[in-house]
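One letter stands for each residue in the lines below.
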Amino acid sequence: MSRTSRWSPLAAIGVVAIVFAACGGSATPPPSSASSAAPPASTAPASQAAVVAYPADADAPCGTAPYAGTIKRITALDAQTVEFKLCASDVAFLPKIAFASFGIQDADWLLKHAPDKSYLTSTNGTGPYKLKSWDKGNRVVMEAFADYWGTKALTPNFELRWGDTSAARLIDLQSGNVDGIDNPGIEEIKTIKADSSLAFYGRDPMNVAYLGFNHSKAPWSDEKVRQAIAMGIDRDRIVKNFYPDGSLVANKFT
């Protein structure tokens, strides 16, 4: 939802993430030309060339306690290629590593920030914007990164704020305090669509809502009880009455 054309699609920004322990050292340096679409292929610095696999000496002990991981070994085949060996087949592996929180971090950065867990509050990565300030739970302020090697930032800066309620977010939009909001409620969507000074932009759904049972406790431990409750829930009516237009009844478990 937007009030002005200032709200533009923003390119990817650096994301704080803990993930598979990365095999390489520092990231490949960016190209000198800002118009290049990708960094050039190159070899890792000589001082870090020895760090090419994790674990370094042998495969992880899949299925042997206390190791409960699913990755057997990660190897940096070259500066641009990483190989993952899994303990077992995983049809969801590619979607998993595409998820933002599973981004690959360089080993030096992880080793530096792991002892005090400062990887939760520090940034690592590249992008057209860099973190200027972070007021936890309230706002994040980003500013353009002049030395970014790819397409330059579309705005000199931008700010993301959090709002507890959809109604409060709409008030901020109507008053001009923000240029755009996300996740308006059903009533707020009606208001936005009826206001000629505002624009509504739909997007594909980003989440699925689930109702679960703790089957370790009675009466939920009885499969028949769970089935009876599931059969008694009118999913279509719930979606129609409580979710925005375009929402669908889930037909699979993801």
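What comes next concerns the included structure. (Residues numbered from 1 in each chain as written. Predicted model: local features only at pLDDT ≥ 70, side-chain atom pairs only at ≥ 80, totals over all residues. Heavy atoms only, no water.)

### A short note on the packing of helix α3 (residues 166-175) against helix α4 (residues 186-194)
Two elements in contact, α3 and α4, have axes whose closest approach is 9 Å; the angle formed by their N-to-C orientations is 20 degrees. In terms of axis orientation, α3 runs roughly parallel to α4. Classified by chirality, the crossing of α4 by α3 is right-handed. Seen from α3, the contacting residues are Ser166, Ala167, Leu170 and Gln174; seen from α4, they are Glu188, Thr191 and Ile192. Of the residues in the contact of α3 with α4, the class split is three nonpolar, three polar and one charged. (Axes fitted to C-alpha atoms, helices over the stretch in contact; angles between N-to-C directions. Helix = DSSP H or I, 4+ residues; strand = E, 2+ residues; numbered from the N terminus. Parallel < 35°, antiparallel > 145°, perpendicular 65-115°, else oblique. Left-handed = near helix turned anticlockwise from the far one by under 90°. Contact = heavy atoms within 4.5 Å. Nonpolar A, V, L, I, M, F, W, Y, C, P; charged D, E, K, R; others polar.)

### Observations concerning the state of the cysteines
Using the criterion set out here, one finds one disulfide in the structure. Bridging cysteine 62 to cysteine 87, the disulfide has an S-S length of 1.9 Å. The sign of the -70 degrees torsion about the S-S bond sets the cysteine 62-cysteine 87 disulfide as left-handed. Placement of cysteine 62 in the loop between β1 (53-54) and β2 (71-78) and of cysteine 87 in the loop between β3 (81-86) and α1 (93-98) is noted, with a sequence separation of 25 residues between them. Judged by its relative accessible area of 27%, cysteine 62 falls in the partly exposed class. The partly exposed category is assigned to cysteine 87, whose relative accessible area is 28%. (Disulfide = S-S within 2.5 Å. Buried < 20%, exposed > 50% of the residue type's maximum accessible area, 1.4 Å probe, protein only.)

### A look at the sheet that holds β1
Pairing is antiparallel in the open sheet, where three strands are placed in the order β1-β2-β3. Since the sheet does not close on itself, it has two edges, and those belong to β1 and β3, each with one partner. As defined by bridge partners, β1 adjoins β2 across two bridges and the pair is classed as antiparallel. In the strand pairing of β2, tyrosine 54 is matched with isoleucine 74. (Pairing = 2+ DSSP bridges.)

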